[in-house]
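If you want the building blocks of each chain, they are given just below.
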Amino acid sequence: MSVVHPVATVANGGAPGSTGGDGTNHKLDVSIWRGGKNGRFVSYGITLRESQTVLDVVTYIQRHVDSTLSYRFSCRVGMCGSCAMTVNGVSRWTCRTHVSEVVKDGRLEIAPLSGLEVVKDLSVDMTGFFEKWTRAKGAFVPGPGPSRDFAVVSPDSPQRRKVDAAIECIGCGVCYAACDVVSWNDDYLGPAALNRAWTLYNDVRDAGNDKRLAAVAGNVGCLSCHSQQSCVKWCPKHLNPTASIAGLKRATVKAALAGRL
Amino acid sequence: MKVRTETLLWLAQRLSAMVLVVGAIVHVSTNIYAVRGGLTAAEIIDRVHGSTAWLAFYLVFAAVAAIHGPLGLRTVLNEMTPVRGRAADLVALVLGVGILWLGWRAAFGLFG
């Protein structure tokens, strides 16, 4: 078996008889974004192995074909949110995305996440993404005095249920890259930051909601969401940031009517 | 614009939409029901002339249209065009005043 690369043919290194899962060898044409903002796609031909993920493919190319390929990953098991990329035009977590789920006509096109500045190849600068979490007051604000005992929060309380529905965000940036509003408004906080603000808004221990609501209202916040739900469709954790944003819309309106904004 | 004002304008657009839906249904269904042999000015005047109910309906209808449409246009301008901020506010304000003036002028004119 062999790997076809624009500049070299490299031994695959895979076990003879590697298959695509149905007993046959499948060639995969992988186009990967190389360079910075003004880069280009470069094609690599590899042999698809059984149960291979998109991250496996990128790792294989980096280790066996072109060691200058840059990309980011950490846990490989869907916990850390490091490895999100654009795969065949769609934002995905690559470590939990099997090639068989997304391959089209034997082709994979892998690009960096959209909406973020490309550092090199498949690595993007997440600074802007997480700065928006800060702008959305996405940090817990303790009350004025020291707590004398543990805060008891019933798992069945309505607020705790709202938090539970939104808390499992891993900060991968898939929703952010998939959001149309982000694409046309650089200042828009985006689904992930607003989802985070919603979890804190419902945290009964938190004392920062007035400032938080002021931060997430207005043109750059929840009121700009068009409810198109791309974030819901592509969130790998199956969260519903649109519902969180709708909750923030209701909360900001109530605060505005009460004169608290 | 202040966050509170922005939020209240957002609310105004949603509330005006709710009224506008009812108003548009009444307006269009009345037109469909009432038209006999073509839509004529004489027929319309005959129906609404001197009617306080129709005057009230169209005053509200024009008012919510004057709120909803310009606020929507303002959002489109801010999101899709270089006309943003104060310029978009001004365009929306002029359009809103224009729709209100024309709508109320027509409503009072038909009332008689």
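Structure's up top.
Notes on the structure in this doc start here. (Residues numbered from 1 in each chain as written. Chains lettered and ligands numbered in written order. Predicted model: local features only at pLDDT ≥ 70, side-chain atom pairs only at ≥ 80, totals over all residues. Heavy atoms only, no water.)

Attention shifts here to the overall build of chain A. Within chain A, the secondary structure is distributed over 10 helices and nine strands. Projected onto its principal axes, the C-alpha positions of chain A cover 70 × 40 × 30 Å. Out of the 261 residues in chain A, the part that is buried amounts to 48%. Within chain A, counting contacts between residues at least 6 apart in sequence, those at least 24 apart form 63% of the total. Of the accessible surface of chain A, which amounts to about 13,000 Å², a share of 50% is contributed by carbon and sulfur atoms. When the 30 positive and 22 negative side-chain charges of chain A are each reduced to one mean point, those points stand 4 Å apart. (Helix = DSSP H or I, 4+ residues; strand = E, 2+ residues; numbered from the N terminus. Buried < 20%, exposed > 50% of the residue type's maximum accessible area, 1.4 Å probe, protein only. Contact = heavy atoms within 4.5 Å. Areas by Shrake-Rupley, 256 points an atom, 1.4 Å probe, with all protein chains shown as cover. Lys, Arg positive; Asp, Glu negative; His and termini not counted. Charge placed at Lys NZ, Arg CZ, Asp CG, Glu CD.)

This part is about the interface of chain A and chain B. Listed by partner, the interface residues are 15 residues for chain A and 10 residues for chain B. In total, chain A and chain B occlude about 1,200 Å² of area from one another, counting both sides; carbon and sulfur atoms represent 66% of this. In this structure, the connection of chain A to chain B is made through zero salt bridges. Between chain A and chain B we count three residue pairs in polar contact (both at pLDDT 80 or more) in total. It is helix α10 (residues 241-257) of chain A that contributes the most residues to the side of chain A that touches chain B, five residues altogether. Along the lines of polarity and charge, the residues of the side of chain A that touches chain B split into eight nonpolar, six polar and one charged. (Buried area = accessible area lost by both parts, 1.4 Å probe. Salt bridge = Lys/Arg side-chain N within 4 Å of Asp/Glu carboxyl O. Polar contact = N/O pair within 3.5 Å; in protein donor to acceptor, adjacent residues only side chain to side chain. Nonpolar A, V, L, I, M, F, W, Y, C, P; charged D, E, K, R; others polar.)

Quick look at the layout of surface pockets now. A volume near 600 Å³ is recorded for the largest pocket. Lining the largest pocket are 26 residues, and of these N219(A), S224(A), T75(B), N78(B) and E79(B) lie nearest its centre. Elements that contribute at least two residues to the lining of the largest pocket include exactly α1 (3-34), α3 (52-80) and α4 (86-111) of chain B. If one sorts the elements of the lining of the largest pocket by residue count, α3(B) sits on top with seven residues. (1 Å grid on protein atoms, 1.4 Å probe; cavity = no way out; pocket = protein on both sides within 12 Å on 5 of 7 lines; lining within 4 Å. Points joined across faces, edges and corners; volume = space filled by probe spheres on them.)

Right, let's get into the environment of A214(A). Along the polypeptide, A214(A) turns up in helix α8 (residues 209-216). Of the residues examined, A214(A) reaches a relative accessible area of 31% and is grouped as partly exposed. Here the alpha-carbon distance between A214(A) and T252(A), two residues 38 residues apart in the chain, equals 7.6 Å. Leaving out residues up to four positions away in the same chain, A214(A) has contacts with L261(A) and V3(B).

What follows covers the pattern of salt bridges. Residues and elements named next belong to chain A. This structure, assessed with the given rule, holds 11 salt bridges over all chains. Across the salt bridge formed by K120 and D121, the nearest N and O atoms sit 2.7 Å from each other. A salt bridge links D164 to R160; the nearest nitrogen and oxygen atoms lie 2.7 Å apart. Of this pair, D164 and R160 both sit in helix α4 (residues 158-166), four residues apart, roughly one helical turn. A relative accessible area of 36% means that D164 is categorised as partly exposed. The exposure class assigned to R160 is partly exposed, which follows from its relative accessible area of 31%.

The next subject is the nonpolar core. Residues and elements named next belong to chain A. Membership of the largest hydrophobic core comes to 39 residues, with the highest contact counts inside it found for L116, F129, Y188, L194, V216 and L248. For this core, the domains that each give at least three residues are domain 1 (2-124) and domain 2 (127-257). In this structure L248 touches L194, A197, W198, L213, V216 and C222, once residues within four positions along its chain are discounted. By size, the runner-up hydrophobic cluster in this structure holds 28 residues, among which are L48, Y60, M85 and A111. (Core = buried A, V, L, I, M, F, W, Y, C linked by side-chain atoms within 4.5 Å. Domains from an automatic or database assignment.)

Residues and elements named next belong to chain A. Interaxial distance between helix α3 (residues 127-135) and helix α7 (residues 191-201) falls to 8 Å at its minimum, and their mutual angle equals 30 degrees. By the angle class used here, α3 and α7 are roughly parallel. For the pair α3 and α7, the crossing hand works out as right-handed. Here F129, K132 and W133 of α3 come into contact with α7, specifically with A192, A193 and R196. The residue makeup of the contact of α3 with α7, split by class, is four nonpolar, no polar and two charged. (Axes fitted to C-alpha atoms, helices over the stretch in contact; angles between N-to-C directions. Parallel < 35°, antiparallel > 145°, perpendicular 65-115°, else oblique. Left-handed = near helix turned anticlockwise from the far one by under 90°.)

A turn of α-helix holds 3.6 residues, and therefore any two residues three or four places apart point the same way. All names here are of chain B. The first and last C-alpha atoms of α4 sit 37 Å apart over 26 residues, in line with the 38 Å expected at 1.5 Å per residue. Those residues of α4 that fall on the buried side of the exposure criterion are A88, D89, A92, G96 and A107. Of the residues flanking the end of α4, it is G112, one or two places downstream, whose phi is positive at about 120 degrees. (Expected span 1.5 Å × (residues − 1).)

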